[in-house]
Amino acid sequence: MAIEGFVAIYIFMLAGFAGFEVISRVPVILHTPLMSGSNFVHGIVVVGAMVVLGHAETVAEQVVGFIAVVLAAGNAVGGYVVTERMLEMFKSKDEQKKGAQE
């Protein structure tokens, strides 16, 4: 049974509201570990998008599936880039100089 219409919109809105409420209460110091955890979720989204693309039958479904894979992959890569930049902020000046010399 597929979820359709207002039920799907209701679930989407409820998930968005719940996610916003949870994230808005997270202390700033915990954002870096949460980014690392969310990168794992982005990987799952990439796999899901590839599965959907693999089951696409029409050209329109294939186009939407391809766009989903590209956006999910970009989201995952961007998450890792942001996490790396955030972790650089916590390194001492000596560690940053060592990394620049290598």
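Analysis parameters
Residues numbered from 1 in each chain as written. Predicted model: local features only at pLDDT ≥ 70, side-chain atom pairs only at ≥ 80, totals over all residues. Heavy atoms only, no water. Helix = DSSP H or I, 4+ residues; strand = E, 2+ residues; numbered from the N terminus. Buried < 20%, exposed > 50% of the residue type's maximum accessible area, 1.4 Å probe, protein only. Contact = heavy atoms within 4.5 Å. Areas by Shrake-Rupley, 256 points an atom, 1.4 Å probe, with all protein chains shown as cover. Patch = residues over 30% accessible without salt bridge, like charges linked within 9 Å, V, L, I, M, F, W, Y side chains within 5 Å. Salt bridge = Lys/Arg side-chain N within 4 Å of Asp/Glu carboxyl O. Expected span 1.5 Å × (residues − 1). UniProt positions renumbered as here; feature names shortened; annotations may be inferred.

Draft legend 1. Examining the overall build of the chain more closely. Assigned secondary structure in the chain consists of four helices and zero strands. Mapped from its N terminus to its C terminus, the chain presents α and β elements in the order α-α-α-α. Going through the 102 residues of the chain one by one, you find that 14% of them count as buried. Of all intrachain contacts in the chain linking residues separated by at least 6 positions in sequence, the fraction that spans at least 24 positions is 64%. Carbon and sulfur atoms make up 73% of the accessible area of the chain, which amounts to about 8400 Å² in all.

Draft legend 2. Representation of a nonpolar patch on the surface within the structure. Taken together, the side chains of Val59, Val63, Phe66, Ile67, Val70 and Leu71 make up a nonpolar region of the molecular surface, amounting to roughly 590 Å² of accessible area. Residue phenylalanine 66 is classed as exposed on the basis of its relative accessible area of 51%.

Draft legend 3. Layout of the environment of glycine 79. Structurally, glycine 79 is set in helix α3 (residues 59–89). Taking relative accessible area as the criterion, glycine 79 reaches 6% and is therefore assigned buried. Here the alpha-carbon distance between glycine 79 and phenylalanine 40, two residues 39 residues apart in the chain, equals 9.5 Å.

Draft legend 4. Structural context of α3. An ideal rise of 1.5 Å per residue puts 45 Å on 31 residues; α3 measures up with 45 Å between its terminal C-alpha atoms. All of the buried residues along α3 are Gly65, Val69, Ala72, Ala76, Gly79, Thr83 and Met86.

Draft legend 5. Quick peek at the UniProt feature "transmembrane region" (unreviewed entry) in the chain. Sites flagged by UniProt as "transmembrane region" (unreviewed entry) map to residues 6–28, 40–56 and 62–83. Secondary structure across residues 40–56 comprises 88% helix and 0% strand; the distance between its end C-alpha atoms is 25 Å. The span residues 62–83 is 100% helical and 0% strand by assignment, and the distance between its end C-alpha atoms comes to 31 Å.

Draft legend 6. Inspection of the environment of glycine 48 at higher detail. In this structure, glycine 48 sits in helix α2 (residues 31–54). Using a relative accessible area of 31% as the deciding quantity, one classes glycine 48 as partly exposed. Residues glycine 48 and alanine 68 lie 20 residues apart in sequence; the distance between their C-alpha atoms is 9.3 Å.

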